[in-house]
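Breakdown of the fold
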There are 2 protein chains.
Amino acid sequence: MEDQQQANIDDLCRCRCIHEDRVSLARKSALSDTENSHLSHFFKALGDPSRLQILWALEKGEMCVCDLAAFIGISESAVSHQLRLLRQLQIVVNRRDGAVLYYRLNNGYVSSLLQDTLKNLNR
Amino acid sequence: MEDQQQANIDDLCRCRCIHEDRVSLARKSALSDTENSHLSHFFKALGDPSRLQILWALEKGEMCVCDLAAFIGISESAVSHQLRLLRQLQIVVNRRDGAVLYYRLNNGYVSSLLQDTLKNLNR
DNA sequence: CTAGTATATGAGTATATGCTCAGATTATAA
DNA sequence: TTATAATCTGAGCATATACTCATATACTAG
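The present account deals with the structure reproduced in this document. This is a predicted model, so every value here is computed, not measured. (Residues numbered from 1 in each chain as written. Chains lettered and ligands numbered in written order. Predicted model: local features only at pLDDT ≥ 70, side-chain atom pairs only at ≥ 80, totals over all residues.)

This brings us to the protein's contact with DNA strand D. Near DNA strand D you find 26 residues, and of these Cys64(A), Cys66(A), Ser80(A), Ser75(B) and Gly98(B) are the closest. Put simply, the parts of the chain that give the surface near DNA strand D at least two residues each are helix H5 (65-72), helix H6 (76-88) and strand S3 (100-105) of chain A together with helix H6 (76-88) of chain B. Looking at the surface near DNA strand D element by element, the count peaks at six residues for H6(A). (Near = placed C-beta within 6 Å. Helix = DSSP H or I, 4+ residues; strand = E, 2+ residues; numbered from the N terminus.)

Below is the structure:
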């Protein structure tokens, strides 16, 4: 047990890295676990073709679930699942009007992010 | 055959969407398949904790594969796989110095993107 | 040349993800 | 109330993905 643990530690410490200074510099300004988690979940949410189409459409104004389903060409259930994820990350919000839920972007950041990134990729 | 095809068309056209105008508006300014593909691959590349750590570290200066492996705490092979993906998307580039490959961000866009997004999430 | 170092790559595997389907909610209307 | 519409949600499945391991490649030193 003790030996096994020691072996693991030795294995981890067997560092053949060349630039200790750069590694420690990177460590000093590293993202916290929380920041890294939030950032990666955010970008992952944008990293799917269906969700991107949803966000790009909502940039032009609010839409309901069946609007989005008709626009993208996937089922309303699939849209609803994706909207839940975007809602949980507070990327979109909705308002209810009777039985219909209208979705929109939560703030202008995603909108400008998409615009800027598209420009950058076309560069 | 003909009937089957007709049935499919009818199925697609059985649109119970409420706002034809909004759907057609979204269609007019929709992303092309190429744009959507490029954008989603780009964001997907940023949407992983390990790759984010790599990019965040490279923002401070170039690093070699074993530096990054030591910093992140995953194998050099795993780092190399992720760097290949980031290379293919031209998010990072490398330069060779003997047997060592130094990686860096390809341009300033990703750097400012990460900074801005982190600020936005902390808002 | 050989030995060693740094990195790359293909195959395999466990987990994550995006969709479909069936059924549950929520609200309107008869 | 019941019927219908709009949406949500859990389970299941097929694919995608992030890693490990073994091996290959590229370079240096001797």
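As a further point, take the sheet that holds strand S2 (residues 92-97) of chain B. Residues and elements named next belong to chain B. As summarised here, the arrangement of the three strands in space is S1-S3-S2, forming an open sheet in which the pairing is antiparallel. Pairing within the sheet leaves two strands with one partner each, and these edge strands are strand S1 (63-64) and S2. Pairing of S2 with strand S3 (residues 100-105), which is carried by six bridges, proceeds in the antiparallel orientation. Counterpart to Asp97 in the pairing with S3 is Val100. (Pairing = 2+ DSSP bridges.)

This part covers the packing of helix H4 (residues 49-58) of chain B against helix H5 (residues 65-72) of chain B. Residue and element names in this part refer to chain B. Look at H4 against H5: their axes get within 10 Å of each other, and the N-to-C directions meet at 120°. With respect to each other, H4 and H5 are oriented oblique. Note on packing geometry: the crossing formed by H4 with H5 is right-handed. Contacts between H4 and H5 involve Ser50, Gln53, Ile54 and Ala57 from the first element and Leu68, Phe71 and Ile72 from the second. Partitioning the contact of H4 with H5 into residue classes produces five nonpolar, two polar and no charged. (Axes fitted to C-alpha atoms, helices over the stretch in contact; angles between N-to-C directions. Parallel < 35°, antiparallel > 145°, perpendicular 65-115°, else oblique. Left-handed = near helix turned anticlockwise from the far one by under 90°. Contact = placed C-beta atoms within 7 Å. Nonpolar A, V, L, I, M, F, W, Y, C, P; charged D, E, K, R; others polar.)

A few words on the relation of the copies chain A and chain B. You can overlay chain A on chain B at an RMSD of 0.0 Å; the transform is a turn of 180° with a shift of 0.0 Å along its axis. Taken together, the rotation and translation describe the operation of a two-fold axis. Most of the interface of chain A is mirrored in chain B, where 100% of its interface residues are also at the interface. (Least-squares fit on C-alpha atoms with pLDDT ≥ 70 in both.)

The interface of chain A with chain B comprises 44 residues on the first partner and 44 residues on the second. For the side of chain A that touches chain B, the secondary-structure elements that each account for two or more residues are helix H2 (20-28), helix H3 (33-46), helix H4 (49-58), strand S1 (63-64), H5 and helix H7 (108-122) of chain A. Of the residues that constitute the side of chain A that touches chain B, the class distribution is 25 nonpolar, 11 polar and eight charged.

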